[in-house]
Amino acid sequence: MATQIDKEACREAYNQVRDDNTDINWTAFKYEGSRIVPAGQGADYEDFKRMCTDDSRLFGFVRITTGDAMSKRAKFTLITWIGENISGLQRAKISTDKAMVKEIVQNFAKEFMFSDLRELDEDNIRNELKKAGGANYDAQAE
C-alpha cells in the first residue's frame with residue numbers, strides 16, 4: 001500500500017518548531033500503518049532521542065541554537081531515524097517516503113540519516129550545523 005502523509009497535522013507541528021514564540025524545539029513524524037503522522041513534540045531534545053529506538057523509523061525536525069555570546073541563531077535539521085531492527089523493505093521505503101515529508105519540512109540547514117543512538121548526540125549535530133553554516137565567528141573558539 002502506498003504511503004500517505006497527514007499534511008495538515010504535520011505542517012502544524014512543523015510550524016510550531018519554526019515559531020520563535022513557542023518553547024517547542026522538535027517534532028517527530030512516525031508511521032501509523034501506511035500513514036505518516038505527527039508522533040510528538042517538545043522542548044527537551046532528550047525526549048526526541050527516547051523515541052529513536054531499535055524498532056522505530058521516524059523523521060524528526062529539530063531546532064538547535066548555535067552561535068556565540070554575541071549572536072545566537074536557530075538552525076533547523078531534518079533527521080531520519082532508522083532503528084537497527086527495521087527490515088530491508090522498510091529501510092528502502094523510508095527514502096522514497098522522505099520526499100513527502102520534505103514537501104512540508106522545507107527549511108533546514110542540514111539533513112541527517114542515523115541508526116546509531118551515539119550519532120544523535122546534540123553536540124555532534126550542533127557542530128555539523130556550524131560547519132554547514134559557513135564562517136564561524138565564535139570569539140571563544142580557537
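Residues numbered from 1 in each chain as written. Predicted model: local features only at pLDDT ≥ 70, side-chain atom pairs only at ≥ 80, totals over all residues. Heavy atoms only, no water.

- An unreviewed UniProt entry lists the chain under the name Coactosin-like protein, from Sparus aurata.
- Turning to the chain, the UniProt record has this under Function (unreviewed entry): "Binds to F-actin in a calcium-independent manner. Has no direct effect on actin depolymerization. Acts as a chaperone for ALOX5 (5LO), influencing both its stability and activity in leukotrienes synthesis." (UniProt positions renumbered as here; feature names shortened; annotations may be inferred.)

### Thoughts on a negative patch on the surface
Logical step 1: A cluster of like negative charges, contributed by Asp54, Asp55, Glu84 and Glu119, occupies part of the molecular surface.
Logical step 2: For Glu119, the position within the fold is in the loop between strand S6 (110-114) and helix H4 (122-132).
Logical step 3: With a relative accessible area of 31%, Glu119 lands in the partly exposed category. (Patch = residues over 30% accessible without salt bridge, like charges linked within 9 Å, V, L, I, M, F, W, Y side chains within 5 Å. Areas by Shrake-Rupley, 256 points an atom, 1.4 Å probe, with all protein chains shown as cover. Salt bridge = Lys/Arg side-chain N within 4 Å of Asp/Glu carboxyl O. Lys, Arg positive; Asp, Glu negative; His and termini not counted. Charge placed at Lys NZ, Arg CZ, Asp CG, Glu CD. Helix = DSSP H or I, 4+ residues; strand = E, 2+ residues; numbered from the N terminus. Buried < 20%, exposed > 50% of the residue type's maximum accessible area, 1.4 Å probe, protein only.)

### Re the sheet that holds strand S5 (residues 72-82)
Logical step 1: Here 6 strands make up an open sheet; going across it, the order is S1-S3-S2-S4-S5-S6 and the pairing mixed. Pairing within the sheet leaves two strands with one partner each, and these edge strands are strand S1 (4-5) and S6.
Logical step 2: Across 11 bridges, the pairing between strand S4 (residues 57-67) and S5 is antiparallel. Bridge pairing links Val62 to Thr77 in S5.
Logical step 3: Lying over the sheet, helix H1 (residues 7-18) contacts S1, strand S2 (26-32), strand S3 (35-42), S4 and S5, oriented at roughly 25° with respect to S3. (Pairing = 2+ DSSP bridges. Contact = heavy atoms within 4.5 Å. Axes fitted to C-alpha atoms, helices over the stretch in contact; angles between N-to-C directions.)

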